[in-house]
Each structure stands twice: as structure tokens, then as C-alpha cells.
Amino acid sequence: MPSRPEPVSRPRLLVGGLLLLLVAPIAVQGLVRLLSSWTGEPHAAVLVTLAAVVPVLLAAAVALARGVVRPAVAWAGGGLAGGLLYAFTGAPVSSLAAAALGGWIAARGLPLAARAPLPRGRVTAALWGLLAALALLQFGRMSVFMADPTQQWAALAPAEFLTRHSCLTSYVHGAELARRGDANIYDDRYGSEPAHPVPELPPAIDIGPLTMDTYEYPPQFLALPRLMLALSSDFMAIRALWFALTVAVFVAVSLALARWLGGEAERRARLLLLAIGLSPPLLITGYFGNFQPMAMGLGALAMLAIVQGRTRSGAALLAFVISAKIFPGILGVWLLASRRWAAAAWTVLFAALYAVLAVALFGTRPYADFIGYHLPRLASGETFAFLSEPMAAMSNLGVFGVPFKLRLAGWSGSEADAWALARQLAWVYTLVLFVVAAWSGWRRRDPTTTHERVVMLGEWFGLLALGALRSPFAPPEALIPLVWALAFRAAAAEHRRQVVAAVVVWVVIMISLPTPNQPAAIVALAVQAIIYAAALWLALSAHRSR
């Protein structure tokens, strides 16, 4: 006889159901948009998102009423949603896929509610519920906008930049240009912006109403968007799938790191996922399709694998992140200083393999343009010629941008003086960064307690933040590692004052004053100093306690 379903507490069912409602629209939208690009069926993004939540809502409602999860209800809800979607769109494949995936998420996900973390105390529960409601609204809308950017009501905000900018355009466009092999993928003339929507050079892909960003990454990274192009040539399908991948990586990394902390810290860290995901740096960067959240999360996950003894898998992951973004290479210095020789050697080997793979896929042209054209312009700041503009200077958290903020704050130096000082600061900062990484990792022992683990996690995220701030232009996405680290420090805190301190620093580093005037520039410099101090404190926390 079939076993009877195990009862699950209603509070856990409620938390688990809310989390599934966040995941379902993003996952279903990514798959169905891809399938519609294959079949040519119409894609009604709003209806697909609604179809994704129906089976979860129905199954969760029945489970809350009866106290047990009935997978059959989830599958029935999926069938109902798929049938309604077909009735409105006449798209059989997309409707069937939405029904199957939506039903599967509800049927498989709700039984896992028994493991859902529960907030303790009425105030904590109310705050978490408020975050959950905000997340449902925000991510539900974003799932629609990722698949159909003409639905501007679903954008993060009605500003033109937020409705048209997409970092992902540069990745896919760069991969397509590299595949053709007859153009410089780093040529700025492919780029466009709302004020000048028509680029000087015709794009190689159709991006609809979005503007084209310029490609800035090393050639090795192109293998990932090339894989996306192998799945579909429809950019909007790639965009929806990429957003689903970004969310999946964020959730997987956060859960893995929380599990490593263990105990009460794990429960708190899992509950804080909503706060991390809704933080402006991570939310906006993921919304634009930037690889940065994945790069930073995967970098920390790679270090975790190495520390846990999975050296080769961790090194393979770390090598890709370093090859794609360069700045995570600072973690390699930490590995060397901590005498993890095998991990460092495997990382170098995998990095070489990724370089060879890029040559096999795209030839040597991207490397020639990267070394001979892009790197010199990147080092000098020429690639980011707009850095001296007041608005850009205010949003640049990188050390390279400090002199331009100083001019706004009252420094009498000329623009030429600012550029010269910026270059000098960048190279001095690079030297200091290497020293900090070596000091942080010097003869580092494996952690054995939750406190030691969260301190080591802070070292990795602190170094990632400091590395990201080395870029000539470091927008607030450079804060992502600090957001992650401070959240986990709060989760593992043993005293309330430690939680308060983490929250205060979190709030302060979020302060953004885009208005380019003297008082705002002075405040921005002070906030920037706190950001660097927080990153240094995280990176060197273990050293201070030795």
C-alpha cells in the first residue's frame, strides 16, 4: 500500500510555499521562452508567469488546509494552468511545458517545506513576511520583463536606462562576433545608449528595444554566452534563461555557504536570502544581466570546495571565474599564502585549458584584440573615458574614481591632474591589494567552528570586493561581496551588538548620492572610505585574532 503523506507544520508550509512562488515564475519563464524560440509559438510573458504560480498556489492552499502535501493537487494545478495558457495563446508546446514544470516544482518542492527555515518571534516573522511579499512582487514582475522588455510596467523603474540597458547584450554580441571571426569584439562603436540608440557599427544580433553594451571581458568568458547561442539565437530567450541561471546560482551558492556555517547560523543565513537578493547591488546587477553576481558567488563557492578537500572541482570553478573576470585572481594569492599548492597548481592548469578552449572556439583574433587593443585602454581608463563626467564620478566606487570625486568635493586639480593621479592610485592600490591578500591567507588553517568559518568566508568576500574596486569603473555592483559577507556575519553573530553593527554597515554602504555637487561628493567619499574599511576588516579579521 502506498505510504501516507507525512504531516508538515503549517508555518513551514507557508514559508516553503512563499519561496516556491519566488522560484517558479523565473524557472518556468526561462524554459518556456526558450521553447517558444524553437517552435515559433507566441510567448505571452504575463500569462506564463501566472501559469507558473497557479500549481504552487493551489497545492500550497490545500496543504495548509489539510496539514499534508498532496502532489496530485500540484500536478492537477499544473494541468489547469497549462490548459488555460493554451486557451489564451494557442501554443501547445509552451502550454505543456509550463504545465509540466510548474506542476513538478510544486509537487517536488512543497514536500521539502519540512526543511524550510522558520523565523522566530513575531517581529522577525513580520519582517520576513514583508520581505517575502516585496520579493514576490519584484521578482514576479522581473520574470515578465526578462522575457518581454516591451512590458515596461514590469521594469525595475520607469527610467529609460532601466527599461533599455542590458549588460547581457555585450556578452551575446561578443560571442557572435567572435564566432564570425572578422571583427574586433572590443570596438566601442558597437555600443549604444538611450541618448544615441543607433550604434556606429551595425550589431550582429537582434536585441529588440534594448541598447547594446560594449564587451569588456577576456575571451575565455565567451564560451558561456556561446553556449547560450547554441541553445537559441533569440536574444530574449537567452535573456530569460540567463536570469533563471543567475537566480539558480545565487540560491545554490547561498545555501551551500549557509550549510557550511551549520547550526543556528545556517537557519538565519537561509532566512536572510531574501534580504540579500533584494539588496540594491545584487538586485540591479542581476536585473541588467551582468555576470558579476555569478562570478562573485562562484568564486566563494570554489574556495569552499577547495577548503573542503574537493580541490580539482574547486580549482576548475575558480579558474573559470578568474579567466572571465580577472579580479577574482586575488583569491589565487590567498591560496598561495595559505600554502594550498595543489589547488593553486590545478587552478593554473584549468585556466590554461579554458584559454585553449577559447582558441578552439573562436581562434586567436579575440586574444590579439584583447591584448593589443583592450588591455592598454582598460589600464589607462581610456575605455571608460566618461569617468571624468560628474555623474559617472559620483557612481564610481573604484579607487580610480577617487580623484574625480575629489574635484567635485573642492580639490583644485585639473582634469588632467585627476587622470594622472587616478593611474598612480590604481597601481599603488594593486600592490597594497596583493599584500593584503597574502597577509589574509598567510598559513591559514582550516576552520573548525562556525565563527572561524564565517571569518574565512568574510576573507574571501572581502578580497573579492577589494579586487572589484580595482576596476577603473566600479559601480555599486562591487558591493555584492560585502552584502553577502555582512549578512552571513549577522547570521553567525553571537551577540546582538554584532548584528546591529553588521546592519549599520550594510545600510551605510548602500548610501548613494548621484547628485554631482560638493556636499554630496564629500559624503560619497566618506561612504567610499567606509566601504574600503569594511572590505579590509573582513579580509583581515582572522589575522587580527591570531
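The structure we're discussing is the one just above.
Here's what I pulled together on the structure shown here. (Residues numbered from 1 in each chain as written. Predicted model: local features only at pLDDT ≥ 70, side-chain atom pairs only at ≥ 80, totals over all residues. Heavy atoms only, no water.)

Description of the overall build of the chain
Reasoning step 1: Along the chain, the regular secondary structure elements total 25 helices and 0 strands.
Reasoning step 2: The C-alpha radius of gyration computed for the chain amounts to 24 Å, which stays within 12% of the reference 24 Å derived for 546 residues, consistent with globular compactness.
Reasoning step 3: The principal-axis extents of the C-alpha atoms in the chain amount to approximately 75 × 55 × 50 Å.
Reasoning step 4: Within the span of the chain, comprising 546 residues, buried residues form 56% of the whole.
Reasoning step 5: As displayed, the chain offers around 23,200 Å² of accessible surface, 67% of which is attributable to carbon and sulfur atoms.
Reasoning step 6: One way to put it: in the chain the 41 positive side-chain charges average out to a point 16 Å from where the 26 negative ones average out. (Helix = DSSP H or I, 4+ residues; strand = E, 2+ residues; numbered from the N terminus. Rg over C-alpha atoms; globule rule 2.2 N^0.38 Å. Buried < 20%, exposed > 50% of the residue type's maximum accessible area, 1.4 Å probe, protein only. Areas by Shrake-Rupley, 256 points an atom, 1.4 Å probe, with all protein chains shown as cover. Lys, Arg positive; Asp, Glu negative; His and termini not counted. Charge placed at Lys NZ, Arg CZ, Asp CG, Glu CD.)

Details of the packing of aromatic side chains
Reasoning step 1: One pass over the full model with this rule turns up 23 aromatic pairs.
Reasoning step 2: The interplanar angle of 80° and the centroid separation of 5.0 Å between the aromatic rings of Tyr-171 and Phe-221 together place this pair among those described as edge-to-face. Of this pair, Tyr-171 sits in helix 7 (residues 168–180) while Phe-221 sits in the loop between helix 7 and helix 8 (223–231), and the two are 50 residues apart along the sequence. Exposure class is identical for Tyr-171 and Phe-221. Each is buried. (Phe/Tyr/Trp six-rings, centres within 6.5 Å; stacked < 30°, edge-to-face > 60°.)

Quick look at the pattern of salt bridges
Reasoning step 1: With the rule as written, the count across this model stands at 12 salt bridges.
Reasoning step 2: The salt bridge partner of Asp-234 is Arg-33, with a shortest N-O separation of 3.2 Å. Pair noted here: Asp-234 is in the loop between helix 8 and helix 9 (235–261) and Arg-33 is in helix 1 (residues 10–39), with a separation of 201 residues, a long-range link.
Reasoning step 3: Looking at Arg-33, the relative accessible area reads 11%, which means it is buried.
Reasoning step 4: Arg-340 is the salt-bridge partner of Asp-446, the closest N and O atoms lying 2.4 Å from each other. Of this pair, Asp-446 sits in the loop between helix 20 (415–441) and helix 21 (450–468) while Arg-340 sits in the loop between helix 15 (330–337) and helix 16 (341–362), placing them 106 residues apart in sequence. (Salt bridge = Lys/Arg side-chain N within 4 Å of Asp/Glu carboxyl O.)

Looking at unusual backbone geometry
Reasoning step 1: Of note, the phi angle at Ile-326 is positive, near 70°, even though the residue is not glycine.
Reasoning step 2: Judged by its relative accessible area of 45%, Ile-326 is partly exposed.
Reasoning step 3: In this structure, Arg-339 takes a positive phi of about 65° despite not being glycine.
Reasoning step 4: Turning to its location among the elements, Arg-339 is positioned in the loop between helix 15 and helix 16.
Reasoning step 5: Here Arg-339 falls in the partly exposed class, since its relative accessible area comes to 44%.

Observations concerning helix 1
Reasoning step 1: For helix 1, which comprises 30 residues, the first-to-last C-alpha distance of 41 Å matches the rise-based estimate of 44 Å (1.5 Å per residue) to within 8%.
Reasoning step 2: The sharpest bend along helix 1 comes to roughly 25°, located at Val-23, with the proline Pro-25 sitting one to four residues further on.
Reasoning step 3: The positive-phi residue at the C-terminal boundary of helix 1 is Gly-40, with phi of around 80°. (Expected span 1.5 Å × (residues − 1). Bend = angle between axes of the 7 residues up to and from the residue.)

Focus on the environment of Ala-100
Reasoning step 1: Relative to the elements of secondary structure, Ala-100 occurs in helix 4 (residues 92–109).
Reasoning step 2: Along the sequence, Ala-100 and Gly-79 sit 21 residues apart, while their C-alpha atoms lie 7.5 Å from each other.

Concerning a nonpolar patch on the surface
Reasoning step 1: A surface patch of nonpolar side chains, about 410 Å² in accessible area, is lined by Leu-58, Leu-80, Leu-84 and Phe-88.
Reasoning step 2: The element best represented in the nonpolar patch is helix 3 (residues 71–89), accounting for 3 residues. (Patch = residues over 30% accessible without salt bridge, like charges linked within 9 Å, V, L, I, M, F, W, Y side chains within 5 Å.)

Topic: the nonpolar core
Side chains of a nonpolar character, in soluble globular proteins, are inclined to be buried together.
Reasoning step 1: Among the nonpolar cores identified, the biggest contains 133 residues, and Phe-221, Phe-291, Trp-460 and Phe-488 are the most heavily contacted of them.
Reasoning step 2: Sorting elements by how many residues they give to this core places helix 9 first, with 16 residues.
Reasoning step 3: For Phe-221, the contacting residues outside a window of four places in its chain are Tyr-171, Tyr-215, Trp-242, Phe-291, Phe-320 and Ala-324.
Reasoning step 4: One finds Val-28, Ala-51, Ala-63 and Leu-85 within the second-largest nonpolar core, a separate group that totals 29 residues. (Core = buried A, V, L, I, M, F, W, Y, C linked by side-chain atoms within 4.5 Å. Contact = heavy atoms within 4.5 Å.)

Describing helix 19 (residues 402–409)
Reasoning step 1: Val-402, Pro-403, Phe-404, Lys-405 and Ala-409 are the residues of helix 19 that are buried.
Reasoning step 2: The elements touched by buried residues of helix 19 are helix 18 (390–395), helix 20 and helix 24 (518–539).
Reasoning step 3: Residue Gly-410 follows helix 19 closely and has a positive phi angle near 130°.

Describing the environment of Leu-58
Reasoning step 1: On the secondary structure map, Leu-58 appears in helix 2 (residues 45–66).
Reasoning step 2: Sequence separation of Leu-58 and His-196 is 138 residues, and the distance between their C-alpha atoms is 47 Å.
Reasoning step 3: Each residue touching Leu-58, except ones within four places of it in the same chain, is listed here: Val-73 and Gly-77.

Some thoughts on the packing of helix 10 (residues 263–271) against helix 22 (residues 480–491)
Reasoning step 1: Their axes nearest at 8 Å, the elements helix 10 and helix 22 cross at an angle of 135°. Our classification of the angle between helix 10 and helix 22 gives oblique. Classified by chirality, the crossing of helix 22 by helix 10 is right-handed. Within the contact between the two elements, helix 10 uses Ala-265, Arg-268 and Ala-269 and helix 22 uses Phe-488, Ala-490 and Ala-491.
Reasoning step 2: When grouped by side-chain class, the residues that make up the contact of helix 10 with helix 22 number 5 nonpolar, no polar and 1 charged. (Axes fitted to C-alpha atoms, helices over the stretch in contact; angles between N-to-C directions. Parallel < 35°, antiparallel > 145°, perpendicular 65-115°, else oblique. Left-handed = near helix turned anticlockwise from the far one by under 90°. Nonpolar A, V, L, I, M, F, W, Y, C, P; charged D, E, K, R; others polar.)

Considerations on the packing of helix 9 against helix 21
Reasoning step 1: Interhelical geometry of helix 9 versus helix 21 gives an angle of 145° and a closest axis separation of 8 Å. Packed against helix 9, whose contacting residues are Leu-257, Trp-260 and Leu-261, the element helix 21 presents Thr-450, Arg-453, Val-454, Met-456, Leu-457, Trp-460 and Phe-461 at the interface.

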